[in-house]
Amino acid sequence: TRAGALPEVVGDTGTYIPSVSPEAIAAGVQTALTTHGAARRRARERVLREFPMEQRRRRLLALVEACW
């Protein structure tokens, strides 16, 4: 949905759903999974650019360590 910080995370490259009903979520997942071509590449490029794997790894490890 467009709630919280999701629009900042997804930008214009993701699939937004109108509500959190199971039907809307299922339709949104189906749409996202069947996206092809340039739209799919743009979404992947955004993830890699905005959330590099090394950054995700460091932050995840910090969270795990903080819980111990």
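Note that the structure is a prediction, hence the values are computed from the model and not measured.

K.L.:
I would appreciate a short explanation of the overall build of the protein chain in the present structure.
P.N.:
Along its length, the protein chain carries 4 helices and 0 strands. Counted from the first residue to the last, the protein chain has its helices and strands arranged as α-α-α-α. Here the C-alpha atoms of the protein chain give a radius of gyration of 15 Å, more than 25% beyond the 11 Å that 2.2 N^0.38 yields for 68 residues. Taking all 68 residues of the protein chain together, the buried fraction comes to 10%. Charged side chains of the protein chain number 11 positive and 7 negative; the gap between the two group centres comes to 5 Å.

K.L.:
Would you mind going over the packing of aromatic side chains with me for this structure?
P.N.:
Overall, the coordinates contain 0 aromatic pairs when judged by the stated rule. Over the ring of Y16 we find R2, and its NZ or CZ is 3.7 Å from the ring centre.

K.L.:
What's the story with the pattern of salt bridges in this structure? I'm lost.
P.N.:
Side chains that carry opposite charge are capable of pairing whenever their charged atoms lie near each other. Taken as a whole and judged by the stated rule, the model has 4 salt bridges. Between R42 and D12 there is a salt bridge; the shortest N-O distance is 3.5 Å. Taken together, the positions of R42 in helix α3 (residues 37–50) and D12 in the loop between α1 (6–10) and α2 (22–33) put the pair 30 residues apart, joining distant regions of the chain. E54 is paired through a salt bridge with R57; the nearest N and O atoms lie 2.7 Å apart. Remark: R57 and E54 occur in helix α4 (residues 53–67); sequence separation between them is 3 residues, near one turn of the helix. For E54, a relative accessible area of 39% gives the class partly exposed. A single salt-bridge network, built from bridges that share partners, covers E54, R57 and R58.

K.L.:
Would you mind going over the environment of I25 with me for this structure?
P.N.:
By secondary structure assignment, the location of I25 is in helix α2. The class of I25 is partly exposed, set by a relative accessible area of 38%. Separated by 31 residues in the primary sequence, I25 and R56 place their C-alpha atoms 25 Å from one another. With sequence-adjacent residues up to four places away left out, I25 is seen in contact with I17, S19 and V20.

Cut-offs and rules
Residues numbered from 1 in each chain as written. Predicted model: local features only at pLDDT ≥ 70, side-chain atom pairs only at ≥ 80, totals over all residues. Heavy atoms only, no water. Helix = DSSP H or I, 4+ residues; strand = E, 2+ residues; numbered from the N terminus. Rg over C-alpha atoms; globule rule 2.2 N^0.38 Å. Buried < 20%, exposed > 50% of the residue type's maximum accessible area, 1.4 Å probe, protein only. Lys, Arg positive; Asp, Glu negative; His and termini not counted. Charge placed at Lys NZ, Arg CZ, Asp CG, Glu CD. Phe/Tyr/Trp six-rings, centres within 6.5 Å; stacked < 30°, edge-to-face > 60°. Lys NZ or Arg CZ within 6 Å of the ring centre and 35° of its normal. Salt bridge = Lys/Arg side-chain N within 4 Å of Asp/Glu carboxyl O. Contact = heavy atoms within 4.5 Å.

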